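One letter stands for each residue in the lines below.
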Amino acid sequence: MEILRYVLLVFHLFGFAAILGGIFYQLRGKDPVVGGYVLTSAVVQLVTGAGLIAVRHALDLPVSDPKMAVKLALDVLIAAVAVAGVRNRRAWPFFTVASLTAAEVVVAVAWT
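Here the structure is a predicted model, which means the values were calculated and not measured.

Here the largest pocket defines a volume of roughly 530 Å³. Lining the largest pocket we find 23 residues, and of these His12, Leu52, Met68, Lys71 and Ala108 sit closest to its centre. Taken together, the elements giving at least two residues each to the lining of the largest pocket come down to helix 1 (2–26), helix 2 (36–58), helix 3 (65–88) and helix 4 (91–110). Looking at the lining of the largest pocket element by element, the count peaks at six residues for helix 2. Considering only residue class, the lining of the largest pocket consists of 13 nonpolar, four polar and six charged.

In structure tokens:
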């Protein structure tokens with residue numbers, strides 16, 4: 001079970017890196033839009049984050065439920081806005097995903 005936790009953690013970090021990498025890549029162009037890779041990465045974040053919470057509860061490791069609820073809500077918002085961004089191809093979903101991703105990083109790192 002501990003190996004599963006580490007595998008989920010690695011994929012969770014890969015998902016975050018792909019979202020952030022996609023955001024920085026799109027910033028190079030004139031009209032940044034949300035790409036399909038950002039949507040896929042947002043779904044990876046959502047699934048692996050929920051899996052990490054479940055595994056931590058199964059292993060009786062400490063879990064800050066309010067923090068996890070906020071992170072899960074941010075993950076759902078990022079995924080929903082990424083879906084809208086892939087469908088609309090406008091700039092506002094791109095900047096919203098970027099802002100929500102930054103907020104999630106702040107919650108993950110600063111909330112102890």
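Here we come to the packing of aromatic side chains. All chains considered together, the criterion is met by two aromatic pairs. Look at Phe11 and Phe14: their rings are 6.0 Å apart centre to centre, the planes differ by 90°, and that puts the pair in the edge-to-face class. Of this pair, Phe11 and Phe14 both sit in helix 1, three residues apart, which is roughly one turn of the helix. Given the relative accessible area of 53%, Phe14 is considered exposed. Geometrically, the ring pair formed by Phe94 and Phe95 is edge-to-face, given 5.0 Å between the ring centres and 80° between the ring planes. You can call Phe95 partly exposed: its relative accessible area is 44%. A cation sits over an aromatic face here: Arg5 above Tyr6, 4.8 Å from the ring centre.

Let us look at the UniProt feature "transmembrane region" (unreviewed entry) in the chain. Within the UniProt annotation, "transmembrane region" (unreviewed entry) is assigned to residues 6–25, 37–56, 68–86 and 93–111. Between the end C-alpha atoms of residues 6–25 the distance is 28 Å, and the span holds 100% helix and 0% strand. Regarding residues 68–86, the helix share stands at 100% and the strand share at 0%, and the terminal C-alpha atoms are separated by 27 Å.

You can see Asp75 is positioned in helix 3. Apart from residues lying up to four places away in sequence, Asp75 is in contact with His12, Gln45, Leu46 and Glu104.

On to the environment of Val47. Note that Val47 resides in helix 2. On the basis of relative accessible area, Val47 is assigned to the exposed category, the value being 53%. On a C-alpha basis, the gap between Val47 and Ala58 in space is 16 Å, while along the polypeptide they are eleven residues apart.

Quick notes on the rules
- Residues numbered from 1 in each chain as written.
- Predicted model: local features only at pLDDT ≥ 70, side-chain atom pairs only at ≥ 80, totals over all residues.
- Heavy atoms only, no water.
- 1 Å grid on protein atoms, 1.4 Å probe; cavity = no way out; pocket = protein on both sides within 12 Å on 5 of 7 lines; lining within 4 Å.
- Points joined across faces, edges and corners; volume = space filled by probe spheres on them.
- Helix = DSSP H or I, 4+ residues; strand = E, 2+ residues; numbered from the N terminus.
- Nonpolar A, V, L, I, M, F, W, Y, C, P; charged D, E, K, R; others polar.
- Phe/Tyr/Trp six-rings, centres within 6.5 Å; stacked < 30°, edge-to-face > 60°.
- Buried < 20%, exposed > 50% of the residue type's maximum accessible area, 1.4 Å probe, protein only.
- Lys NZ or Arg CZ within 6 Å of the ring centre and 35° of its normal.
- UniProt positions renumbered as here; feature names shortened; annotations may be inferred.
- Contact = heavy atoms within 4.5 Å.

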